[in-house]
Amino acid sequence: MTIMQEQFLHKPVQRRSTGALILLSLITGATLASFLITNECNNDIAKQFSDADGTIISSTDMEASGHVKSETDMDEIVRTDPDPNAPWPRVAWLMSFPNSGTSYTIQMTQRLSNRTAASNYGEECTLDESKNTIPVHANSPNGPFLLNSPKRKVPDTYILTKTHCIGYGTSQPPEKYIETKRSFLKGCTRSGRITGDKKQEVYYDERIVQRAIHLIRDPFNNIVSRFHLQQHRHTKKNDQDWLKNYPSTVEGLKNWCNFMDGRYKKEESDSRFLDKDLLDAFKGVPCHSEFFQYAQWHQHTVAITRDLKIPTLVMHYEEYEKDINATVKKAFDFLELEPEGYLSPFITGKNYDEYFNKNQRAKTMKMIKLAVDPETWELLEEYDTY
């Protein structure tokens, strides 16, 4: 038995038919994931894309939603799923802005639990003998789908389910990258169903989702990683002109940002969704549309998990490096999983400090703060060190 397994197994995790989970001593300091409180938005700019449908959430609604955060340690937190009669395994979204640690979190969970995860994206899932995606639940054929079955067993508690939702395209005009809360939720349930040689874009009922892990990464490292993903895609296409203009260097990122920042400048200035204060805040922020999408994405995630009353565990990618055992234990307790496999060593991700200067970082964080409500900012504020 590994040290990691011993740390987990001293307190067995049991499934509770009521859907309630008691998490003991999960918050032990600033390095651990915070538990989320969401309040009524009081930022007019944030409300442009968070409360575009006019929804107002009261403090009573927030307490009922299962989102909790305290400045002091908590010895016991009780969380109740929105549907206590939901079938098992219950869907637990892994909600992550692309390139923020999704792959590691999914792989770690599968290997250590020896159970499959799930995904909205059928192209990355195991197919059955008829070359069809395999839904987690037969009565929800549009997904989500089992990621790695039958190689790994299906968990009988919560199944971690990958979704990037929507609102993360690169080099797009504002009408393409600005999402309402309603369109964002629809994107979270969008899936790619495969039946034989046919792939369909379909949607499943959000009410099957009973929990969520909200994964957050340093915005600067996140955006540089997205730049590198674009390089990977253009390399596969053998697009030498693009690769020549945007090499994997500080200068390459600068060129990429300059291109995107200038491409839709007029469309942004004419957009009814972007007011003068926000447009002014864009100035001096390289790749401002990327950072705005990052802010918008996390704002919407806070809002819809609140509105759906989904118990949500907020994790920061950097916690894996600070204390991987405590971080993984939190996630496993939340998902009511037990360790049976092995925990791969966490390889520290690259730090891209040289890609943005201090002034650019300060302006970027100021813009992000302006674009989100106070509760979302509380989750992102730790990155404002400039």
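Look up a bit, the structure's there.
Just so it is clear, the model here is predicted, and its values are computed rather than measured. (Residues numbered from 1 in each chain as written. Predicted model: local features only at pLDDT ≥ 70, side-chain atom pairs only at ≥ 80, totals over all residues. Heavy atoms only, no water.)

Focus: the overall build of the chain
So, step 1. Per the secondary structure count, the chain includes 16 helices and 10 strands.
So, step 2. Expressed as a percentage of the 386 residues in the chain, the buried residues total 54%.
So, step 3. Carbon together with sulfur atoms contributes 48% to the accessible area of the chain, which is approximately 17400 Å² in total. (Helix = DSSP H or I, 4+ residues; strand = E, 2+ residues; numbered from the N terminus. Buried < 20%, exposed > 50% of the residue type's maximum accessible area, 1.4 Å probe, protein only. Areas by Shrake-Rupley, 256 points an atom, 1.4 Å probe, with all protein chains shown as cover.)

Comments concerning the state of the cysteines
So, step 1. The full count for this structure, using the stated rule, is 2 disulfides.
So, step 2. Between the sulfur atoms of Cys257 and its disulfide mate Cys287 the distance is 2.0 Å. Measuring the twist about the S-S bond at about -95 degrees, one finds the Cys257-Cys287 disulfide to be left-handed. One end of the pair, Cys257, is in helix H9 (residues 250-263); the other, Cys287, is in the loop between helix H11 (276-282) and helix H12 (288-307), and 30 residues separate them in sequence.
So, step 3. Judged by its relative accessible area of 0%, Cys287 is buried. (Disulfide = S-S within 2.5 Å.)

Considerations on the packing of helix H6 (residues 181-188) against H12
Working note: a packed helix pair is described by the angle between its axes plus the distance between those axes.
So, step 1. At their nearest, the axes of H6 and H12 sit 10 Å apart, and the two run at 80 degrees to each other. With respect to H12, the element H6 is oriented roughly perpendicular. In this structure, H6 contributes Lys181, Phe184, Leu185 and Cys188 to the contact, and H12 contributes Trp297, His300, Thr301, Ala303, Ile304, Arg306 and Asp307.
So, step 2. For the contact of H6 with H12, a count of residues per class yields 6 nonpolar, 2 polar and 3 charged. (Axes fitted to C-alpha atoms, helices over the stretch in contact; angles between N-to-C directions. Parallel < 35°, antiparallel > 145°, perpendicular 65-115°, else oblique. Contact = heavy atoms within 4.5 Å. Nonpolar A, V, L, I, M, F, W, Y, C, P; charged D, E, K, R; others polar.)

Let's talk about the side chain of Ser96
So, step 1. Locating Ser96 in the fold gives a position in strand S3 (residues 90-96).
So, step 2. In this structure the side chain of Ser96 is engaged in a polar contact, spanning 2.6 Å, whose partner is the side chain of Thr102.
So, step 3. With residues up to four places along the chain from it excluded, the contact list for Ser96 reads Thr102, Thr163, His164, Leu215 and Trp297. (Polar contact = N/O pair within 3.5 Å; in protein donor to acceptor, adjacent residues only side chain to side chain.)

Structural notes on the sheet that holds strand S10 (residues 312-316)
So, step 1. A sheet is described by the order of its strands in space; here 6 strands give the open sequence S5-S4-S6-S3-S9-S10, paired in mixed fashion. Whereas interior strands pair on both sides, the edge strands pair on one side only; in this sheet they are strand S5 (145-146) and S10.
So, step 2. Summarising the sheet, S3 and strand S9 (residues 209-216) pair through 6 bridges and their orientation is parallel. Within the sheet, the bridge partner assigned to Met95 lies in S9 and is His214.
So, step 3. Each of S3, strand S4 (118-119), strand S6 (158-163) and S9 is contacted by helix H4 (residues 102-113), which is oriented at about 160 degrees to S6, the strand it contacts most. (Pairing = 2+ DSSP bridges.)

Focus on the pairing of strand S7 (residues 190-195)
So, step 1. In this structure, S7 lies alongside strand S8 (residues 198-203), joined through 6 bridges in antiparallel fashion. The partner of Ile194 across the bridge, within S8, is Lys199.
So, step 2. In sequence, S7 turns back onto S8 through a hairpin of 2 residues, with Gly196 there showing a positive phi of about 65 degrees.

Some details on the packing of aromatic side chains
So, step 1. Per the stated rule, a full pass over the model turns up 19 aromatic pairs.
So, step 2. Here the aromatic residues Phe227, Trp242, Tyr246, Trp256 and Phe259 are joined through ring pairs into a cluster of three or more.
So, step 3. Lying across the ring of Tyr203, Lys186 places its NZ or CZ 4.9 Å from the centre.
So, step 4. We note Arg211 situated over the ring of Phe334; from NZ or CZ to the ring centre the distance is 5.3 Å. (Phe/Tyr/Trp six-rings, centres within 6.5 Å; stacked < 30°, edge-to-face > 60°. Lys NZ or Arg CZ within 6 Å of the ring centre and 35° of its normal.)

So, the pattern of salt bridges
So, step 1. Per the stated rule, a full pass over the model turns up 15 salt bridges.
So, step 2. Of the charged contacts in the structure, one is a salt bridge between Arg90 and Asp81, with a shortest N-O distance of 2.7 Å.
So, step 3. Judged by relative accessible area, which is 1%, Arg90 ranks as buried.
So, step 4. Each member of the salt-bridge network shares a partner with another, and the members are Asp81, Arg90 and Arg211. (Salt bridge = Lys/Arg side-chain N within 4 Å of Asp/Glu carboxyl O.)

Let's talk about the packing of H4 against helix H14 (residues 324-335)
So, step 1. Orientation of H4 relative to H14, taken along the N-to-C sense of each, is 75 degrees, at an axis distance of 12 Å. With respect to H14, the axis of H4 lies roughly perpendicular. On H14, the residues that touch Tyr104, Met108, Thr109, Leu112 and Ser113 of H4 are Ile324, Val328, Phe332 and Leu335.
So, step 2. Across the contact of H4 with H14, the residue classes tally to 7 nonpolar, 2 polar and no charged.

That is the geometry; function is a separate question.
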